[in-house]
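Each chain is listed here by its residues.
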Protein chains: 2
Amino acid sequence: MPPQYTIGLDYGTNSVRALIVGTRDGEEVASADWSYKHGSDGIILSRDPLLARQHPADYLMGAQASIRAALRQAAKSVRGFKPDQVIGIGVDATGSTPLPVDEHGQALALSRRFAKNPAAMAWLWKDHTSVAESAEITALARRIRPQYLAKCGGTYSSEWFFSKILHCLRAAPEVFEAADSWVELSDFIPAELTGTQARDKFSANICAAGHKAMYNSSWGGYPDREFLAQLSPKMGALRDRLCVKARDAGTAAGKLTAPWAKRAGLREGIPVAIGGLDAHMGAIGAGIAPGALVKIIGTSTCDVAVWPLKQKLADVPGLCGIVGGSVLPDCYGLEAGQSAVGDIFNWFVNCIQPGGERGTHAALTEAAGKLRAGESGLLALDWNNGNRTVLVDQKLTGVLLGQTLYTTPAEIYRALIEATAFGALTIINRFEEYGVRISQVVNCGGIAEKNPLVMQIYADVTGRPMKISRSGQTCALGAAIAAAVVSGGHEDFASAIDAMTGLKPRVYKPNAAAHTVYRDLFALYSMLHDAFGKARWQGSLYTVMKQLIDLRNRVRA
Amino acid sequence: MPPQYTIGLDYGTNSVRALIVGTRDGEEVASADWSYKHGSDGIILSRDPLLARQHPADYLMGAQASIRAALRQAAKSVRGFKPDQVIGIGVDATGSTPLPVDEHGQALALSRRFAKNPAAMAWLWKDHTSVAESAEITALARRIRPQYLAKCGGTYSSEWFFSKILHCLRAAPEVFEAADSWVELSDFIPAELTGTQARDKFSANICAAGHKAMYNSSWGGYPDREFLAQLSPKMGALRDRLCVKARDAGTAAGKLTAPWAKRAGLREGIPVAIGGLDAHMGAIGAGIAPGALVKIIGTSTCDVAVWPLKQKLADVPGLCGIVGGSVLPDCYGLEAGQSAVGDIFNWFVNCIQPGGERGTHAALTEAAGKLRAGESGLLALDWNNGNRTVLVDQKLTGVLLGQTLYTTPAEIYRALIEATAFGALTIINRFEEYGVRISQVVNCGGIAEKNPLVMQIYADVTGRPMKISRSGQTCALGAAIAAAVVSGGHEDFASAIDAMTGLKPRVYKPNAAAHTVYRDLFALYSMLHDAFGKARWQGSLYTVMKQLIDLRNRVRA
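A. Quick peek at the overall build of chain A. Counting secondary structure elements, chain A contains 20 helices and 21 strands. Since a compact globule built from 557 residues should have a radius of gyration of about 24 Å, the 24 Å found for chain A is in line with a globular shape. The dimensions of chain A, computed from C-alpha atoms along their principal axes, are 75 × 60 × 50 Å. Here chain A, with 557 residues, has 63% of them falling under the buried criterion. In chain A, once contacts between residues fewer than 6 apart in sequence are set aside, the share between residues at least 24 apart is 71%. Put simply, chain A has 58 plus and 51 minus side-chain charges, and the middle of one group is 1 Å from the middle of the other.

B. Examining the relation of the copies chain B and chain A more closely. By a simple turn and slide, chain B fits onto chain A: the slide is 0.1 Å along the axis, the RMSD is 0.1 Å, and the turn is 179°. Each copy turns onto its partner about a two-fold axis. Rotation axis and chain B: the residue whose C-alpha lies nearest the axis is Pro 354 of chain B, separated from it by 2.1 Å. Mapped onto chain A, 100% of the interface residues of chain B are again interface residues, and the two copies thus contact each other with one and the same surface.

C. Representation of the pattern of salt bridges within the structure. Residues and elements named next belong to chain A. Scanning the model with the defined rule gives 45 salt bridges over all chains in all. Asp 224 is the partner of Arg 145 in a salt bridge, and the nearest nitrogen-oxygen pair spans 2.7 Å. With a gap of 79 residues between them, Arg 145 in the loop between helix 2 (131–144) and helix 3 (146–150) and Asp 224 in the loop between helix 7 (206–212) and helix 8 (225–231) connect regions that are remote in the sequence. On the accessibility criterion, Asp 224 (21% relative accessible area) is partly exposed. For Lys 370, the salt bridge goes to Glu 366, with nearest N and O atoms at 3.5 Å. By relative accessible area, which is 63% here, Lys 370 ends up exposed. Members of the salt-bridge network, linked through shared partners, are Glu 133, Glu 136 and Arg 170.

D. How the structure looks around unusual backbone geometry. Residue and element names in this part refer to chain A. Look at the link from Gly 95 to Ser 96: it is a cis peptide, with omega at 0°. The peptide bond linking Thr 389 to Val 390 adopts the cis configuration, its omega dihedral lying at 10°. Unusually for a residue other than glycine, Asp 41 sits at a positive phi of about 55°. By relative accessible area, which is 60% here, Asp 41 ends up exposed.

E. Region of interest: the pairing of strand 3 (residues 28–35) of chain B. All names here are of chain B. Where strand 2 (residues 15–22) meets strand 3, seven bridges bridge the pair, whose relative direction is antiparallel. Bridged to Arg 17 within strand 3 is Asp 33. Turn length for the strand 2-strand 3 hairpin, with the two strands adjacent in sequence and antiparallel, is five residues, and the turn residue Gly 26 shows positive phi of about 75°.

About the thresholds
- Here, residues in each chain are numbered from 1, in the same order as that chain's written sequence.
- Chains and ligands are labelled sequentially in the order written, the chains with letters from A and the ligands with numbers from 1.
- For a predicted model such as this one, the threshold for reporting local features is a pLDDT of at least 70, and the threshold for listing and counting side-chain atom pairs is 80 or more; totals across whole chains, interfaces and linings nevertheless cover every residue.
- As a rule here, side-chain values cover all heavy atoms of the structure and leave hydrogens and water aside.
- Numbering of helices and strands starts at the N terminus; helices are DSSP runs of H or I of at least 4 residues and strands are runs of E of at least 2.
- Between the two quantities, the radius of gyration covers C-alpha atoms and the globule rule is 2.2 Å times the number of residues to the power 0.38.
- Classification of residues uses two cut-offs on accessible area relative to the type maximum, computed with a 1.4 Å probe and protein chains only: under 20% is buried, over 50% is exposed, and between them is partly exposed.
- Residues count as neighbours in contact if any of their non-hydrogen atoms are within 4.5 Å of one another.
- A positive count includes Lys and Arg, and a negative count includes Asp and Glu. His and the chain ends are not counted in either.
- Charge placement uses NZ in Lys and CZ in Arg. For Asp and Glu, CG and CD serve respectively.
- Copy-to-copy alignment: least squares on C-alpha atoms, limited to residues at pLDDT 70 or above in both.
- A pair is scored as a salt bridge if a Lys or Arg side-chain nitrogen falls within 4 Å of a carboxyl oxygen belonging to Asp or Glu.
- Whether two strands pair comes down to DSSP finding at least two bridges between them.

Structure, rendered in structure tokens:
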């Protein structure tokens, strides 16, 4: 039998990528990127710095262009490759990125009337125009539906589905009125490809619905009509026009239509999987399984774990979300994250610009790598962008402690890396305190692949080996794996993941001596973490500086 | 009557300066610096980074050379100037800078046997070889003579008299054995100039003895024999060979000898005042009086106040020293200080080197000057070199809190300036809490003269006008004032100070709006100060970051 392939379509912030993957062994035979054409780097901006929109025309054009380019590349790189060997498509996207649609499921912005109205376009995940609405939703839920917040970290974000829709109702009522419903980008694409845009055929993915729109089967799906009606009667009415039942990535949204088969150059009728959020598909592409924590490390991190649906699971407080079926169909998906990791290192290098020529990431990494754990006497909190897990508090800021008159930029750089490692350990500990055992950590993303010092410090701080995902395109690969499952290329996710994902040979093993020092430092980090981060903390910090000095002297001696 | 002049001889860390001052109005008619010739920049170093010695030959050669050069300069700048118009000499010096002397009061290092032995030279104030001995002395005093520590800030320093002598006994016993006694540099020079080196004629100054050698008339002068003998029987025996009674700067050590008159080119027999420590003489040169706080601001600060002997004075806890007669004969001298001020700004500019070309002191000062109080959301603790007042704790370190992903070097620079201002306010508050009212603040030193932003922030933080001493050489001027008093040029210090010191015209007045913001910030600074600095503090820091963010948003709005 000739090899079979699936395509993962990965909608990022500035471009869409099509990745063609062999279902047998996960070989990535071709990949093509297509940059969105509207706005600045694909993002439509305005005078309001909080606004970030995208034009849905880019999404459709991007699907066609990236798939065609990837197919051309595969034809070159694989002898005898034929597009007919592609047996399915999977989709992942940023989110929450909702867009208003008409009664046929067509994006409003694709109509002449709304083509240039930003409110009618897709509201990109990082659009923060609905800060006030998110606070309003959080307050209402805290009062009458606290269970909604328990599954999404205690605060409903301005980046999320209902905040954005409510803001549209207030700020651009003509768009709200014209919209029949709202859909996530990760659902819009599968519906377009399969002709299932109409409400009676449309499917929402449980991943975005659960993590961003308070969807949970235990309370009947989306927030109830009464709740939404208290925000506005029109929001209550919208409830009836949302998709009734969200589904997981183990099922197909439908089959590729003839027009789309022609546009993309693929075989008509191949299944398109239910979509998912990029980080969750990324966890699949990195080989997620119960017991594994997948860390996607970039400017911030997304930390994903899964837990069998059939086993008991507590509400782990401080996580961003706990949603059944959001990653693997038979598991809860648990999402945590750090608000800034690479962004903190970038801040130090680009905003502070320390040490002239010796202030590049490469030079600081090299110099920091020559230091030993505890040697600088420094301790930092990784909160320059607030704390997403476990404190879930945007009103937190960075701390650097332990400076002398001799503290160097490399020492600070290392302290910042260590702070993010302590933040990572705090997340792991939270999982385990609530019974979600973490037996391996798999890292992916640019920093994991490119900065061995960061990975070694993570290993030394956590006392756990740090593994690196083999694929550099875990999100697209995850989508391709979903495609392999729904198209019958694999029986289920477990076998697909087993066959199609892997690790890089290099594993970062913890150094016992460094880990001993970091245990002491982590205790001090935790003390500061609680002192500044927990409302009920009461205590003394008198020993913190003295212990850091003693530790420094011990390490230097 | 022709104008009269006095000379202030100021022994600094790297050089000695002679300043010729008119007694009528304090005009500084001539000044000459002479750099010490031995060692590196006048300091003899070794492989041990804690060691810092000076050769006494430099002190004597420097007196001659600097006075002669100043006289030559005065002859050029003052029509008809004659050396005979110089009616007295005053001396100030770094300290504690003790040196071993033989039974004639001659410095051991001036003998052939010890000429090259660093232990026989002067132990410069910043020699820290006696860390262990200072801890031993502190522990002993805490156990059996707690009153000794109450007058010197609770800890006996490795920079001080008995620590250094005890270390010499242990590390270089041949020097200790050869020494008849030990004298402070600020006493060695007046004794040399007046031929009063022999023990029966020798005078110690109360300033160095009281602040650095636990001398206090209430317990009979230096620490008692029994106390010193517990450190070592030989230290106990040394007690009998120390000067019996220390005197204040209002009396003369003696009269200039014929040989020294010839060497210096001055009239034989003019009085030489009892010496003093540089900062205390600097307070005189800046116009000290009850109610005034003199801040000498450089790499660190020395803060000096005085309080009438005849009025009741509590033991103000956390001061470096409280000594009757140490500044003015009829007052207690109260010494406080900040372990690092300019050194913190220098650390940021020279060690961190932020922002490339925009990272000079001048550029950062300019950019920081454009920011408003509270606008950065940052808060720092000024403890990069520990805290001298009021916590008296070397095992404290710096803190920077409130960083976001957008924090700039100028914001940090301003936060560091503000931190030192909060430290300054903490000292003022401590004085006033114990009844020492501060009705005016007079600043001197390089930073006070050269950085208007620092002075404005100090005014805004403290809510008090910041005045600047007219003289740029307050230490030498203070010594010249003491000379004017002992030579009869003025009746007493009050009239001499009134006539010979003054302020610069520019006074930095507090801005009311900024002061309001700084009151809030100081409350947060004090919270961090106590949380990390006080053993008994118990509390919560949860609101600190949130209040900083709220303040930032309010100021920016």
